[in-house]
Amino acid sequence: MSDLLAALTLQAGYNAALVAIGAALLGFAAGAAGTFLFLRKRALVSDAVAHATLPGVGLAFILMVALGGDGRSLLGLLAGSAVTAGVGLLLVEWIARRTRLAEDAAIGAVLSVFFGIGVVLLTVIQTMSSGRQAGLESFLLGSTAGMLYLDAVVIAVGGALSVLAVWVLRRPMTLVSFDPDYAAACGYDVRRIDLAMMALVMAVTVIGLKIVGLILIVAMLIVPPVTARFWTERAGRVIWIAAGLGAVSGYVGAAVSASAPALPTGPIIVLTATALFLLSLLFAPARGVLAAVLRHRRFQRRVHRRQGLLALARGELIHDPLTLSVLRRAGLIRADGVATEAGRAQAAKAARDEHRWEIARLVNQDTALTGRYDGLTPIERVFTADQIAEFDRHLGPPRPVAGDAAGA
Amino acid sequence: MHAEFVQLSLTPILIGIFASVACALPGNFLILRRQALIGDAISHVVLPGIVVAFLLTGGVASMAMMLGAAGAAVLAVLLIEAVKRLGRIEPGAAMGVVFTSMFAGGVLLLEQSDTSSVHLDVQHALMGNLESLIWFKAKGWHSLADPAALAALPDELPRMALVCLVVVALTVIFWRPLKISTFDEGFARAIGLPVAAIGFGLVVTAAVAAVAAFDAVGSIIVIAMFICPPAAARLMTNRLEAQVLWSVGFAVLAAVLGYVFAGYGPLWFGGAEAVSAAGMIAAVSGLILGLACLFGPCRARVGQGRDPAEA
Amino acid sequence: MTPTMTTAARLAGLPAGLDLAAADGEALHPEAAAESPLSIRGLTVSYGEKPAVFSVDATFPDGALSAIIGPNGAGKSTLLKAALGIIPRLSGEVSVFGRPIDAARARIAYVPQRASVDWDFPTSVLDVVSMGLYRRLGLLRRMRSEERAHALACLERVGMTDFADRQIGQLSGGQQQRVFLARALAQGADLYLLDEPFAGVDAATERAIIEVLKSLRAEGRAVVCVHHDLSTVESYFDHVFLINVRRIAEGPVASTFTAGNLQATYGGRLAAGHIEQLRLGGGTA
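For clarity, every value in this text was computed on a predicted model and none was experimentally measured. Residues take numbers from 1 onward in each chain, read along the sequence in its written order. The naming scheme follows written order: chains are lettered A onward, ligands numbered 1 onward. Only residues with pLDDT of 70 or above have their local features reported here, since the model is predicted, and side-chain atom pairs are shown and tallied only from 80 upward, although totals for entire chains, interfaces and linings are computed over all residues. Each side-chain value is worked out from all heavy atoms of the structure, with water and hydrogens disregarded.

Further remarks concern the interface of chain B and chain A. Facing 59 residues of chain B, the contacting portion of chain A comprises 59 residues. Note on terms: buried area is the combined drop in 1.4 Å-probe accessible area of two parts once they are placed together, counting the loss on both. Summing both partners gives a buried area of about 4800 Å² for chain B against chain A, and 74% of it is carried by carbon and sulfur. Basic side-chain nitrogens of Lys or Arg form a salt bridge, by our definition, when they fall within 4 Å of a carboxyl oxygen of Asp or Glu. Taken together, chain B and chain A are joined by 0 salt bridges. In this text, helices come from DSSP runs of H or I with a minimum length of four residues, and strands from runs of E with a minimum of two, each type numbered from the N-terminal end. Of all the secondary structure elements, the ones that give two or more residues to the side of chain B that touches chain A are helix H2 (38-57), helix H3 (62-86), helix H4 (91-112), helix H5 (122-127), helix H10 (195-234) and helix H12 (277-295) of chain B. Here the element with the most residues in the side of chain B that touches chain A is H4(B); it accounts for 15 residues. Note on residue classes: Ala, Val, Leu, Ile, Met, Phe, Trp, Tyr, Cys and Pro are nonpolar, Asp, Glu, Lys and Arg are charged, and everything else, Gly too, is polar. Broken down by class, the residue content of the side of chain B that touches chain A amounts to 34 nonpolar, 15 polar and 10 charged. Contact criterion: two residues are considered in contact whenever any of their non-hydrogen atoms come within 4.5 Å of each other.

Let us now look at the packing of helix H7 (residues 173-186) of chain C against helix H8 (residues 203-218) of chain C. Residue and element names in this part refer to chain C. Between H7 and H8, whose axes approach to 9 Å, the crossing angle comes to 15 degrees. Accordingly, the angle class assigned to the pair H7 and H8 is roughly parallel. Read as a crossing pair, H7 and H8 show a hand that is left-handed. Together, Gly-174, Gln-177, Arg-178, Leu-181 and Leu-185 of H7 and Ala-204, Thr-205, Ala-208, Ile-209, Val-212, Leu-213 and Leu-216 of H8 make up the contact between the two elements. Here the residues of the contact of H7 with H8 sort into 8 nonpolar, 3 polar and 1 charged. For helices, the fitted line uses only the C-alpha atoms of the stretch in contact; every axis is such a line through C-alpha atoms, and the angle between N-to-C directions lies from 0 to 180 degrees. Reported orientations rely on four angle classes, namely roughly parallel under 35 degrees, roughly antiparallel over 145, roughly perpendicular from 65 to 115, and oblique for the rest. In this scheme the handedness of a crossing depends on how the near helix is turned from the far one: anticlockwise by less than a right angle means left-handed, clockwise means right-handed.

Below, the discussion takes up helix H15 (residues 321-329) of chain A. In an α-helix, one turn spans 3.6 residues; hence positions three or four apart end up facing the same way. Residue and element names in this part refer to chain A. Buried residues of H15: Thr-323, Leu-324, Val-326 and Leu-327, and no others. Buried residues of H15 fall within an arc of 165 degrees about the axis and therefore sit on the same side. In H15, the exposed residues that point more than 90 degrees away from the buried face are Pro-321 and Arg-329. On its buried face, H15 sits against helix H14 (289-314). For the purposes of these results, a polar contact is taken to be a pair of N or O atoms within 3.5 Å, where, inside protein, one atom must be able to donate a hydrogen and its partner to accept one; residues adjacent in sequence count only when each atom of the pair is a side-chain atom. Its side-chain oxygen at 2.9 Å from the backbone nitrogen of Leu-322, Asp-320 defines the N-terminal cap of H15. Looking at the residues trailing H15, positive phi occurs at Gly-331, about 75 degrees. The classification of residues rests on relative accessible area computed with a 1.4 Å probe and restricted to protein chains. Under 20% of the type maximum is buried, over 50% is exposed, and intermediate values are partly exposed. Of all possible arcs, the one meant is that of the directions from the helix axis to the C-beta atoms.

To continue, consider the environment of Leu216(A). Along the polypeptide, Leu216(A) turns up in the loop between helix H10 (190-212) and helix H11 (217-229). A sequence separation of 166 residues divides Leu216(A) from Ala50(A), and the C-alpha atoms of the two residues are 8.7 Å apart. Dropping the residues within four chain positions of it, Leu216(A) is found in contact with Gly266(A), Pro267(A), Val270(A), Thr100(B), Phe103(B) and Ala104(B).

Right, let's get into the pairing of strand S1 (residues 38-47) of chain C. Residue and element names in this part refer to chain C. Where burial is concerned, most of S1 is hidden: 8 out of the 10 residues are buried. We treat two strands as partners when DSSP finds at least two bridges between them. Here S1 runs beside strand S2 (residues 50-60); their pairing, made up of 7 bridges, is antiparallel. Counted as the bridge partner of Ser-46 is Pro-51 from S2. Here S1 folds back onto S2 in antiparallel fashion, the turn holding 2 residues, of which Gly-48 has a positive phi close to 70 degrees. Across 4 bridges, S1 lies against strand S4 (residues 91-96) in antiparallel orientation. Bridge pairing in S4 links Thr-44 to Ser-91.

Sheet architecture is open: 4 strands sit in the order S2-S1-S4-S5 (chain C), paired in antiparallel fashion. At either margin of the open sheet sits one strand with a lone partner, and together these are S2 and strand S5 (99-100) of chain C. Across 2 bridges, S4(C) lies against S5(C) in antiparallel orientation. Note on S5(C): the bridge partner recorded for Val96(C) is Arg99(C). Where H14(A) meets the sheet, it contacts S1, S2 and S4 of chain C, and its direction lies at approximately 40 degrees from that of S2(C).

On to the packing of aromatic side chains, then. Between 30 and 60 degrees the pair is tilted, below 30 it is stacked and above 60 it is edge-to-face, where a pair is any two Phe, Tyr or Trp rings, Trp via its six-membered ring, whose centres lie within 6.5 Å. The full count for this structure, using the stated rule, is 15 aromatic pairs over all chains. Ring centres of Phe183(B) and Phe180(C) lie 6.4 Å apart, and the angle between their planes is 75 degrees; this geometry places the pair in the edge-to-face category. Of this pair, Phe183(B) sits in helix H8 (residues 175-183) while Phe180(C) sits in helix H7, on two different chains. Both residues of the pair, Phe183(B) and Phe180(C), belong to the buried class. Arranged with centres 5.1 Å apart and planes meeting at 40 degrees, the rings of Trp119(C) and Phe180(C) form a pair that is tilted. Of the two residues, Trp119(C) sits in the loop between strand S6 (108-111) and helix H4 (125-131) while Phe180(C) sits in helix H7, which places them 61 residues apart along the sequence. For the pair Trp119(C) and Phe180(C), a shared accessibility class is recorded, and that class is buried. Aromatic ring contacts, followed pair by pair, group Phe183(B), Trp119(C), Phe121(C) and Phe180(C) into a single cluster. Over the ring of Phe139(A) we find Lys210(A), and its NZ or CZ is 5.4 Å from the ring centre. The lysine or arginine in question, Arg183(C), covers the ring of Phe187(B), its NZ or CZ lying 3.5 Å from the ring centre. Throughout this description, the term charge over a ring refers to an Arg CZ or Lys NZ atom that lies within 6 Å of the ring centre and within 35 degrees of the ring normal.

With that settled, consider unusual backbone geometry. The residue Arg34(B) is not glycine, and still its phi comes out positive at about 60 degrees. Considering the arrangement of structural elements, one finds Arg34(B) in the loop between helix H1 (2-32) and H2. Residue Val245(C) is not a glycine yet carries a positive backbone phi of 65 degrees. Considering the arrangement of structural elements, one finds Val245(C) in the loop between strand S9 (239-244) and strand S10 (246-252). On the accessibility criterion, Val245(C) (8% relative accessible area) is buried.

The next point concerns the interface of chain C and chain B. The interface is formed by 38 residues belonging to chain C together with 29 residues belonging to chain B. Taken together, both faces of the contact between chain C and chain B bury some 2900 Å²; the carbon and sulfur share is 61%. Counting across the interface, chain C meets chain B through 9 residue pairs in polar contact (both at pLDDT 80 or more). Within the residue set of the side of chain C that touches chain B, elements represented by two or more residues are H4, helix H5 (134-137) and H7 of chain C. Here the residues of the side of chain C that touches chain B sort into 18 nonpolar, 11 polar and 9 charged.

Residues and elements named next belong to chain A. With numbering matched to this structure, UniProt assigns "transmembrane region" (unreviewed entry) to residues 12-39, 48-68, 74-95, 107-128, 148-169, 199-223 and 268-294. A distance of 31 Å separates the end C-alpha atoms of residues 48-68, which is 86% helix and 0% strand. Helix makes up 100% of residues 74-95 and strand 0%, and the two end C-alpha atoms of the span are 31 Å apart. UniProt positions are given in the numbering used here, feature names are shortened, and annotations may be inferred rather than shown by experiment.

Next up on the list: the pattern of salt bridges. Any two side chains of opposite charge can pair, on the condition that their charged atoms come close. Overall, the coordinates contain 35 salt bridges over all chains when judged by the stated rule. For Glu146(C), the salt bridge is made with Arg144(C), and the minimal N-O distance between the two is 3.8 Å. Overall, Glu146(C) belongs to the partly exposed group, its relative accessible area being 49%. Of the charged contacts in the structure, one is a salt bridge between Arg217(C) and Asp238(C), with a shortest N-O distance of 2.6 Å. One end of the pair, Arg217(C), is in helix H8; the other, Asp238(C), is in the loop between helix H9 (233-236) and S9, with 21 residues separating them in the sequence. On the basis of relative accessibility, which here comes to 30%, the residue Asp238(C) falls in the partly exposed class. Through salt bridges that share partners, Lys349(A), Arg352(A), Asp353(A), Arg356(A), Glu380(A) and Asp392(A) make up one connected network.

Spelled out as structure tokens, the structure:
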């Protein structure tokens, strides 16, 4: 426990602190860049980009060895991965634009083929004399254990630069991700901002390779934006909430992972983000599942109650079991299906409101008002008391509803 | 030479072919339904599935592993559907959330549990180990008639063949409902087809194919075969029947060429050791798709959604 | 009719004699509903929190061409789709020829909106038409020569024989609509439900489609179309159903397709434009 506290307060060693800060910065940038993808409905493009980094890592290693280095320079490997990630991204766009294949097929094809090539290169490297200890497999799942000081610095600086890029791009990014046409009308070059955003996605992916690994880095780009979407309807806020969630996940994940063995960084970061997602999915006030279920049940009961009252007013038999149970529970009919005093009164009111609507729709030329004639909106919410009184003058006195109309 | 081929290469090639075909067949429909990445999601959740199966049974029996993986795949599909509907989230993002979370859970469980003694690791699940599936007892082609030698075939071969057969049979039997509900869901519902069940059945079939295949060939081939051969086939023809046949042909071609290149390619370049066959099969399937994108007779879009710039 | 109502009608500039009672759905004759090819009771559908269709009753007559009309977003297509079970309903019952819909699917043919499918799908015209034979063929039986001939005859009825082997993506909008109609004909149903069959088609196709629908009527089949073009209602249809979330009116075209009912369906100024258009159209016809 005290290890965890130490890690969370950055007391678990210089490298671990750097990694935690780097992961938080990276999470921030990933959340923001991921929101852009998510709002443009291209979340899984990041999956293609991430998998396409693997051949780059392999090629960079081979190249560096061929040039006489030991091939393990993190900066060199990341540069290589950026190149093939870029090629993969271009191929996804080329296939989706130039052929009849949809973007999802293009993503899947690029992802699997690049990954396959990457695996081939890894087996080639294993046969090289300098390749046996290369440890390139750590890029699959990330690994912060035994990280060099220089690598930690690269990650922290990379994360900081990504955050800076998000800050610089925040305005065009918000505009373009929410409403590209409007952004174009405002004079932004949408194509260039798109490119800049994809570059940011690539940068986040590449920097995250060492910490989270190429399979899970996708989660940092997708999960926080999806989570943020539960809490707001406004694009501008989604970006910052997602960035915040990403930063928290990155920081907590990296710190927790540093506090004990057998807690791999990538999965802990992702699972932290997932936990936040699940909480939001269930309990977010407006878009959460719980709220939606309650709202739907209420709505369905309202519909059935209204339909039941209208049926009572018309003296029709009610067969629908839900309608019967709703009316019974509200004390509007008795157990044997006969309308109660209150039921007859409310049915009469419902019928009268229907007639009022008829008049209202004839008298009012305004379609916007009469367009709310949807069976549920109370007439009192649309018209003023004196308007309703005017309708009533056309209608004459209220008519009572007979009692024993409803049959079980 | 022959004896060596039968002993070392015959079974991996056959397993590769069966795995590729079993994945390519449902892949045709997944692509037309814009669900190509379901294959991606399924193959990622195989890992948590086998880890949980291992933790529950304490062993590495194939059957338990397969059931665990299949269970995880079905769970993932249900979760994706739930996240999509409950959270009103677009399918791609819903998939991304579910499969990465499950994969992360799998990796964590793996690290936490003592699985180092058994042959169960992430790289194996990702890359497979096609080359190791050799037929020790084979002495040559005549071994195909030798019951003792046949009994020593690697388990993966009959299993993959059976799954491939089942997938082919399901595709043939449910051809019409699949085709109708993929083309026009509203019409399919109106004539009383159980559209939701058909869609779920397709995904479960894909999951079974993926699970059977991953053990032998790893999850990369699985994703590549779900997508590349059917996608390339789509660019060759405008008939679904012909497309499916093309996709099977491409899948077989990729499996055979991929294995040959992986095994013998390095020798041609003076290398001594073979490279990953699974990776090479995926790469060859990508090459086939690339050629189809450039030269396929039906590569351009014609129906709605035509790009005005190209018209 | 009370004097005050006449005042109301006059207020709105409408002819007196508009029957308000029609709008609150007088009880249907049970036997009429039992024999109706399509009878809907208390159907409510909602997208989210707003009803798209609220508590609608409808009874369509046999051996007639019926139109469902109403403004955009009034729930016309929603009514049809919910009746068929393509989208879920919140409440309501649907019967087809007096039986629950699931027991009567073999007697229904459905033509969805053209835009609801991907026309880039790898299939040919004849292939799409033979999808209409599914209930007859089942899972595995091969198409016999007489079934192929039947499919071709259906294509012939919509004038598309020469296009049988064409890939569907290469067709024009009107031709696509004809293929969908041919598929419905191949089903050999007694009730035809069409969702906006005339939307975005060329004049020749519109004539071809209405001829086919009239020939179906002559064979005693029932046809129900979601329809948006008010100027053709009187020349095409026998029966109209007016909807704007609620049922507004339903009945024979001659007595139901009135300025008053249109006013009630389309509301205010919008209706005035439509009605004016209608008068002009009627004058030249």
